[in-house]
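Chain by chain, the residues:
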Amino acid sequence: MSPSTPGADLPDHPDWLWRDPEPKRSYDVVIVGGGGHGLATAHYLAKNHGITDVAVLEKGWLGGGNMARNTTIIRSNYLWDESAGIYEHALKLWEGLEEELDYPILFSQRGVLNLAHSLQDVRDSVRRVEANRLNGVDAEWLDAEQVKEVCPIVNTSPDVRYPVLGGTYQPRAGIAKHDYVAWGLARSADAAGIDIIQNCEVTGLDVVGGRVVGVQTTRGPIGAGKVALCSAGHTSVLAAMAGIELPLQSHPLQALVSELLEPVHPTVVMSNAVHVYVSQAHKGELVMGAGIDAYNSYTQRGAFHIIEEQMSAALELFPVFARAHVLRTWGGIVDVSPDASPIVGLSPVDNLYLNCGWGTGGFKATPGVGWVYAHTIAHDTPHPLNAPFSLDRFTTGALVDEHGAAAVAH
């Protein structure tokens, strides 16, 4: 597959960035899911561990799931030590990823503002800033005047329903071009000899004596020494094929972009109380998202009432957007765990690995989770950064509750 009309920011390259191979009869590692996490895992299996007898299986087109349906925000200002560890590791990798892949990803460190609208918001936000600083994560508390300095178009008037009392600010946070990230990772994995196989849906997992030995697909059976699930909202469906019931709920998450506008929005602004987050993409469209739909579903389309609520929330914060037109809406499928933190590690089935439960935070973790998941697969033991996110925490009680810091609350 090749990107069409990639734009002036892309270098000269062949029409095809990766091969389109037929699947072999077996591989040392089969990764199920050709999105950002699956491709990053393949990239780091090769780069960090020298494992290249790998297939990445994608039921549709590469990067066409949540990788194509997110709002591209990257940050590491999570509350708990465990979360800050894995997200800050990811952010440090983001800062060097373009050079590492030798491919542009348009990573723009324009900062992220999380607004506070009540005294409880302020207390929670200041607590998070201090926790971030203890973990070496850049974080600042801004009052309402400083918020206005960082983002002049935010409405900081006191005479509104949710007045802005201040906000947390992470200057190193930002956005990246999601499809360029997928293409760069795929190109790197392919160059290492890894097979990227599209239009190849996994329909069954072959388990013998408590050990996974292969997968059934729409393109025939494929043997595997190890199988790594990396399919976001569909991971629970795949795990059920091996008799594993995961504590996940899959919900639609809707977003939209406006028509192209001149640069007016210099950063990323998020608000739990008003319930919207807004950035401006490189080409000029405003990118907006809000909370997940309340119902469980695997649909990838939106509902008008959700978009209407997003727009009304955005206009409370940004009256300047009143005449902007919606260009396109979409829905992704997010998998939410009971503590709003991911599940990354071993499964009850030998040689079957889990990477899921990222909720609305999957894109920002892409290189970081690829790094630690590759380590887990290569060594059959978790990396220290993903060890706290094991499946068994839901029986031991060692939860990592990030409901409050997981962007717009879910």
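Computed from a prediction, not measured in an experiment: that's the story for all the values here.

Draft legend 1. Structural detail: the overall build of the chain. Counting its secondary structure elements, the chain contains nine helices and 18 strands. Expected size for 410 residues packed as a compact globule is a radius of gyration near 22 Å; at 21 Å, the chain falls within 12% of this value. Projected onto its principal axes, the C-alpha positions of the chain cover 65 × 50 × 40 Å. By residue count, 57% of the 410 residues in the chain fall in the buried class. If you take every contact in the chain between residues at least 6 apart in sequence, the share linking residues at least 24 apart comes to 77%. Carbon and sulfur atoms form 52% of the exposed surface of the chain, whose accessible area is close to 16400 Å².

Draft legend 2. Seen up close, the packing of helix α1 (residues 36–49) against helix α5 (residues 178–191). Their axes nearest at 9 Å, the elements α1 and α5 cross at an angle of 35°. At the point where α1 passes α5, the crossing takes the left-handed sense. Where α1 approaches α5, its residues G36, L39, A40, A42 and H43 are matched on the opposing element by A182, L185, A186, S188 and A189.

Draft legend 3. Fine view of the domain arrangement of the chain. Each domain of the chain was delimited in the assignment, giving domain 1 (26–71 + 179–247 + 338–406) and domain 2 (108–172 + 249–335). One C-alpha centre belongs to domain 1, the other to domain 2, and the line joining them spans 29 Å. The partner domain 2 presents 19 residues to the 18 residues of domain 1 that form the contact. When domain 1 packs against domain 2, the two sides together hide about 1300 Å² of surface, and 48% of this comes from carbon and sulfur. Looking at the side of domain 1 facing domain 2, the largest losses of area belong to R69, T71 and G233, adding up to 42% of the total buried there. In this structure, the connection of domain 1 to domain 2 is made through zero salt bridges. Taken together, the connections running from domain 1 to domain 2 amount to seven residue pairs in polar contact (both at pLDDT 80 or more). When its residues are assigned to classes, the side of domain 1 that touches domain 2 shows six nonpolar, eleven polar and one charged.

Draft legend 4. Structural detail: the side chain of T41. Here T41 lies in helix α1. Polar side-chain contacts of T41 include one of 2.7 Å to the backbone oxygen of H37. In this structure T41 touches I31, C230, G370, Y373, A374 and I377, once residues within four positions along its chain are discounted.

Draft legend 5. Region of the structure containing the packing of α1 against helix α8 (residues 366–379). At a minimum axis distance of 7 Å, the contact between α1 and α8 shows a crossing angle of 55°. Between α1 and α8, the angle is such that the two are oblique. Seen along the crossing, α1 lies across α8 with a hand that is right-handed. Where α1 abuts α8, its residues G36, H37, A40, T41, Y44, L45, N48 and H49 lie against T366, P367, V369, G370, W371, Y373, A374, H375, I377, A378 and H379. Residue classes in the contact of α1 with α8 are distributed as ten nonpolar, nine polar and no charged.

Draft legend 6. Spotlight on the sheet that holds strand β13 (residues 268–271). If you walk across this open sheet you meet the eight strands as β5-β6-β4-β13-β14-β15-β12-β16, and the pairing is mixed. Pairing within the sheet leaves two strands with one partner each, and these edge strands are β5 (140–143) and β16 (326–336). Sheet twist, expressed as the average angle between the axes of neighbouring strands with direction ignored, equals 20°. Where β5 lies against strand β6 (residues 166–170), four bridges are found, and the strand directions are antiparallel. Residue pairing in the sheet places L142 in a bridge with G167 of β6.

Draft legend 7. Expanded view of the nonpolar core. Core analysis: the largest hydrophobic core is formed by 52 residues, its most contacted members being I31, L39, L62, W94 and V181. Contributing elements (two or more residues each) for this core: β1 (26–32), α1, β2 (54–57), α2 (81–101), α5 and α8. Looking at this core element by element, the count peaks at eight residues for α2. Formed by 27 residues, the second largest nonpolar core is a distinct cluster that contains I222, V227, L248 and L352.

Draft legend 8. How the structure looks around the packing of aromatic side chains. Under the defined criterion, the tally for this structure stands at seven aromatic pairs. These aromatic residues form a ring-pair network of at least three members: Y78, Y87 and W358. A cation over a ring is seen here: K177 above Y180, with NZ or CZ 5.3 Å from the ring centre.

Draft legend 9. Quick peek at the side chain of Q280. Tracing the chain through its elements places Q280 in strand β14 (residues 276–280). Polar side-chain contacts of Q280 include one of 2.9 Å to the backbone nitrogen of V264. Within polar-contact distance, the side chain of Q280 engages the backbone oxygen of G284 at 2.9 Å. Leaving out residues up to four positions away in the same chain, Q280 has contacts with R110, I175, L261, E262, P263, V264, H265, E285 and L286.

Draft legend 10. Structural view of the environment of V227. Relative to the elements of secondary structure, V227 occurs in strand β11 (residues 222–229). Taking relative accessible area as the criterion, V227 reaches 0% and is therefore assigned buried. Spatially, the C-alpha atom of V227 lies 8.6 Å from that of I377, the residues being 150 residues apart in sequence. Other than its neighbours up to four places away in sequence, V227 contacts V30, V32, L205, V212, V215, N351, L352 and Y353.

Rules and cut-offs
Residues numbered from 1 in each chain as written. Predicted model: local features only at pLDDT ≥ 70, side-chain atom pairs only at ≥ 80, totals over all residues. Heavy atoms only, no water. Helix = DSSP H or I, 4+ residues; strand = E, 2+ residues; numbered from the N terminus. Rg over C-alpha atoms; globule rule 2.2 N^0.38 Å. Buried < 20%, exposed > 50% of the residue type's maximum accessible area, 1.4 Å probe, protein only. Contact = heavy atoms within 4.5 Å. Areas by Shrake-Rupley, 256 points an atom, 1.4 Å probe, with all protein chains shown as cover. Axes fitted to C-alpha atoms, helices over the stretch in contact; angles between N-to-C directions. Left-handed = near helix turned anticlockwise from the far one by under 90°. Domains from an automatic or database assignment. Buried area = accessible area lost by both parts, 1.4 Å probe. Salt bridge = Lys/Arg side-chain N within 4 Å of Asp/Glu carboxyl O. Polar contact = N/O pair within 3.5 Å; in protein donor to acceptor, adjacent residues only side chain to side chain. Nonpolar A, V, L, I, M, F, W, Y, C, P; charged D, E, K, R; others polar. Parallel < 35°, antiparallel > 145°, perpendicular 65-115°, else oblique. Pairing = 2+ DSSP bridges. Core = buried A, V, L, I, M, F, W, Y, C linked by side-chain atoms within 4.5 Å. Phe/Tyr/Trp six-rings, centres within 6.5 Å; stacked < 30°, edge-to-face > 60°. Lys NZ or Arg CZ within 6 Å of the ring centre and 35° of its normal.

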